[in-house]
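Examining the three-dimensional arrangement
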Amino acid sequence: MRGVNVQTIIKTIRANSRLFSNSKEPHSSKNMKEFRIGIRRETKNRWECRVPLTPSHVATLKASGNVDFVIQPSARRVFPDHEYERVGATVKDDLSGCDLIMGVKEVPEAEIMPGKQYIFFSHTHKGQPYNMPLLRGIVDKRVSLFDYELLKDPFTGSRLVAFGAYAGYAGMINTLHGLGDRLLTKGYRTPFLVSFFGF
């Protein structure tokens, strides 16, 4: 999320979060409980290595106060686990104690925890048929979903988060890699299976 003001996004989510909306106290750092953010490992496909927050984002948010981080361990993530630990995040599998769980790609419906708050690209707001079971699971489990595609600047209406060209590059790489896999099953070796991700 290069070029995105991560603090603005977290403040927007926090301001709209049901965890704080019923409080009669003003929203100040003195009366807010610590907000715990979980970063999940990506499980949609084996080559996804993007992250919703970099270690430097985590460090900046931690320095702003009242924010803590739990990172699910991942051998594929573009930033190794130890870089998150170095800036004060906890690395562990269990995200059940987190107030907000962040990801990049859709979270498989079976992995959605009831009553939680999530932020990821859900690909549901246009009624995409292939993700309607995910949306149904989110509704049934009473989950609050913040979809990156729908986070907009209140003054300009422009999206706050967009991978744009980078998603296009990733799609091209994934397509060529998939072609390489397919051709390999037919007995043809191609350079498409070689990637800089090490898969």
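Here the structure is a predicted model, which means the values were calculated and not measured.

Focus on the confidence of the model for the chain
- Mean pLDDT over the chain: 83, with 79% of residues reaching 70 or higher.
- Here helix H2 (residues 18-21) is the element of the chain with the lowest mean pLDDT, 47, and strand S3 (residues 90-91) is the one with the highest, 98.
- Note on residues 19-27: pLDDT is under 50 here. Beyond four places in sequence and across chains, it has eleven contacts.

Notes on the packing of aromatic side chains
- Here the structure, examined in full by the defined rule, presents two aromatic pairs.
- Taking 4.9 Å as the distance between ring centres and 55 degrees as the angle between the ring planes, the aromatic pair formed by Phe121 and Tyr148 counts as tilted. You can see Phe121 sitting in the loop between strand S5 (117-120) and helix H5 (132-140) and its partner Tyr148 sitting in the loop between strand S6 (144-147) and helix H6 (165-185), a full 27 residues away along the chain.
- Note on Tyr148: relative accessible area 1%, which makes it buried.

Points about the nonpolar core
- Phe69, Ile112, Phe120 and Tyr148 are the most contacted members of the largest nonpolar core, which totals 32 residues.
- Mapped by element, the contributors of at least two residues to this core are strand S1 (35-39), helix H3 (55-63), strand S2 (67-71), strand S4 (100-102), S5 and H5.
- Among all residues touching Phe69, those that are not within four sequence positions of it are Ile37, Leu53, Val58, Leu61, Lys62, Ala89 and Thr90.

Quick word on the side chain of Glu149
- Its location among the elements puts Glu149 in the loop between S6 and H6.
- In this structure, Glu149 is buried with no salt-bridge partner, the nearest side chain bearing the opposite charge being Arg159 at 4.3 Å.
- Beyond its immediate sequence surroundings of up to four residues, Glu149 is in contact with Phe121, His123, His125 and Arg159.

Description of the environment of Lys116
- Mapped onto the secondary structure, Lys116 falls in the loop between S4 and S5.
- For Lys116, a relative accessible area of 15% puts it in the buried group.
- Distance in space between the C-alpha atoms of Lys116 and Ser96 is 8.4 Å, their sequence separation being 20 residues.
- Engagement of the side chain of Lys116 in a polar contact is seen with the backbone oxygen of Ser96, the distance being 2.5 Å.

Structural notes on the side chain of Thr124
- Among the structural elements, Thr124 can be located in the loop between S5 and H5.
- Only 2.7 Å separates the side chain of Thr124 from the side chain of Ser122, close enough to count as a polar contact.

Re the pattern of salt bridges
- Under the definition given, this model contains ten salt bridges.
- Between Arg41 and Asp93 there is a salt bridge, with the nearest N and O atoms lying 2.2 Å from each other. With Arg41 in the loop between S1 and H3 and Asp93 in the loop between S3 and S4, this residue pair connects regions lying 52 residues apart in the sequence.
- When its relative accessible area of 24% is taken as the criterion, Arg41 is described as partly exposed.
- Through salt bridges that share partners, Glu34, Arg36, Lys62 and Asp68 make up one connected network.

Cut-offs applied
Residues numbered from 1 in each chain as written. Predicted model: local features only at pLDDT ≥ 70, side-chain atom pairs only at ≥ 80, totals over all residues. Heavy atoms only, no water. pLDDT = per-residue confidence, 0-100. Helix = DSSP H or I, 4+ residues; strand = E, 2+ residues; numbered from the N terminus. Contact = heavy atoms within 4.5 Å. Phe/Tyr/Trp six-rings, centres within 6.5 Å; stacked < 30°, edge-to-face > 60°. Buried < 20%, exposed > 50% of the residue type's maximum accessible area, 1.4 Å probe, protein only. Core = buried A, V, L, I, M, F, W, Y, C linked by side-chain atoms within 4.5 Å. Lys, Arg positive; Asp, Glu negative; His and termini not counted. Salt bridge = Lys/Arg side-chain N within 4 Å of Asp/Glu carboxyl O. Polar contact = N/O pair within 3.5 Å; in protein donor to acceptor, adjacent residues only side chain to side chain.

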